[in-house]
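Survey of secondary and tertiary structure
Chain residues, written in single-letter form:
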Amino acid sequence: MSLYEDLTPEEFARNSAQDASWQLLDVREPWEIEIVSLPDCISIPLAEVPARVLELDRNRPVAVLCHSGGRSARAARYLASQGFPRVANISGGIDAWSAEIDPSLPRY
């Protein structure tokens, strides 16, 4: 059993529309964020997550996003291991989000 859940971009969009308490953590590098990002995300590069974990609210669910889902899965696993009660990885990352949810977003 996984410590976190995998959500497609569509599932996350639906969940966050129904429950505004979700935090969206983007673990891509700053140069990637400059190309495309989602509104209201918390940007912390993957390597900095352990040092900056206190920037996240443990009392709110966290969804983690990267380019395609690999780095965000690692961050989700880490957050779950640190006691965050509800953590999700957005499978397919911003690339899938651009393809499935908002085709106007640039892809790289």
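The structure contained in this document is the topic of the report that follows. (Residues numbered from 1 in each chain as written. Predicted model: local features only at pLDDT ≥ 70, side-chain atom pairs only at ≥ 80, totals over all residues. Heavy atoms only, no water.)

**Section: helix H4 (residues 70–81)**
Taking 1.5 Å per residue, twelve residues should reach 16 Å; H4 reaches 17 Å between its end C-alpha atoms and fits that length. Residues Ser72, Ala73, Ala75, Ala76, Leu79 and Ala80 constitute the buried set of H4. The buried residues of H4 occupy an angular sector of 165° when the element is viewed end-on, so they sit on one face. Structurally, H4 contributes buried residues whose contacts are with strand S2 (23–26), helix H3 (49–52), strand S4 (62–65) and strand S5 (87–90). With its phi angle positive at about 95°, Gly83 sits one or two positions after the end of H4. (Helix = DSSP H or I, 4+ residues; strand = E, 2+ residues; numbered from the N terminus. Expected span 1.5 Å × (residues − 1). Buried < 20%, exposed > 50% of the residue type's maximum accessible area, 1.4 Å probe, protein only. Arc of directions from axis to C-beta. Contact = heavy atoms within 4.5 Å.)

**What to know about the packing of aromatic side chains**
According to the stated counting rule, one finds three aromatic pairs in the structure shown. A ring pair is formed by Trp31 and Tyr108, whose centres lie 6.0 Å apart and whose planes are at 70°; its orientation type is edge-to-face. Of the two residues, Trp31 is situated in helix H2 (residues 30–35) and Tyr108 in the segment after helix H5 (93–100); the sequence distance between them amounts to 77 residues. One aromatic cluster is present, formed by Phe12, Trp22 and Trp97 through successive ring pairs. (Phe/Tyr/Trp six-rings, centres within 6.5 Å; stacked < 30°, edge-to-face > 60°.)

**Here we look at the sheet that holds strand S3 (residues 41–43)**
Across a sheet, strands are paired by hydrogen bonds formed along the backbone, either parallel or antiparallel in direction. Pairing within the open sheet is parallel, and its five strands lie in the order S1-S5-S4-S2-S3. Every other strand in the sheet has two partners, leaving strand S1 (5–7) and S3 as the edge strands with one partner each. Put simply, the sheet's adjacent strands are angled 30° from each other on average, direction ignored. Sitting on the sheet, helix H1 (residues 9–18) is in contact with S1, S2, S4 and S5, with an inclination near 100° to S1. (Pairing = 2+ DSSP bridges. Axes fitted to C-alpha atoms, helices over the stretch in contact; angles between N-to-C directions.)

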